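Chain residues, written in single-letter form:
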Amino acid sequence: MKKIILLFALAGSIFACTKKEDGAAASAGANGQSGITFDSTANTELVKKSTKAIETGDTAAYRSTYAPDVVFHDNLDSMGLDGNMQMFKLFAEKGVKVKVDFGPIWETQNNKADKKGITNYVISYQVITLSKGDKSMKTLIHSVDAIKDGKLAEEWLVYDRAAMSEMTK
């Protein structure tokens, strides 16, 4: 019996000391796989930083997360960074406070770049709470952010604008 226990201990030690392949790298060549998904990366943190800057009203931090030529697609209305920054001004003028709560967030790293050279996309769901005085409204935002060279290069947002319209009257 002692020999069997010793044999299992020895086998366990050998397996514990062998080099393990990274799961993502090991599956990178799987048939039909076009990329890898991660639940926490520097790029997911970049998206959180950008979104949290809206909450704090930190326009410098917000701008620092985006490429200068970024294109925003808010419910398919396209604009550049300066156009998008108007939301900061409107919220401040109307006394609207913003609170951001993240739901699921993950990054997909594709094997092949798109026509703009982008391989990394962060997908997230956020609940945005807008408040002014004793009034508060929530809206769910679905966001897809294309990341290139450590900056948000393009962003697609889908949400119901009713809360924002109501709170900025």
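The structure displayed is predicted, hence computed values, not measured ones. (Residues numbered from 1 in each chain as written. Predicted model: local features only at pLDDT ≥ 70, side-chain atom pairs only at ≥ 80, totals over all residues. Heavy atoms only, no water.)

1. Some points on the side chain of T65
- The residue T65 is located in the loop between α4 (59-64) and β2 (66-74) in this model.
- Not counting residues up to four positions away in its chain, the partners in contact with T65 are L46, K49, S50, K151 and L152. (Helix = DSSP H or I, 4+ residues; strand = E, 2+ residues; numbered from the N terminus. Contact = heavy atoms within 4.5 Å.)

2. Some points on the pairing of strand β6 (residues 135-148)
- Both strand β5 (residues 120-132) and β6 contribute to a ladder of 13 bridges, which runs antiparallel. Residue pairing across strands places S124 opposite S143, the latter belonging to β6.
- Hairpin remark: β5 followed by β6, antiparallel, with two residues in the connecting loop; positive phi at G133, about 65°.
- Here β6 hands over to strand β7 (residues 151-159) after two residues, with D149 in that stretch at a positive phi of 55°. (Pairing = 2+ DSSP bridges.)

3. Considerations on the nonpolar core
- Grouped together as the largest cluster of nonpolar side chains are 28 residues, with contacts concentrated most on Y62, Y66, L81, V98 and L130.
- Filtering out sequence-adjacent residues up to four positions away, L130 remains in contact with F91, V96, K97, V98, K135, S136, M137, A163, M164 and M167.
- With five residues, the next largest nonpolar core counts I118, I123, A146 and A153 among its residues. (Core = buried A, V, L, I, M, F, W, Y, C linked by side-chain atoms within 4.5 Å. Buried < 20%, exposed > 50% of the residue type's maximum accessible area, 1.4 Å probe, protein only.)

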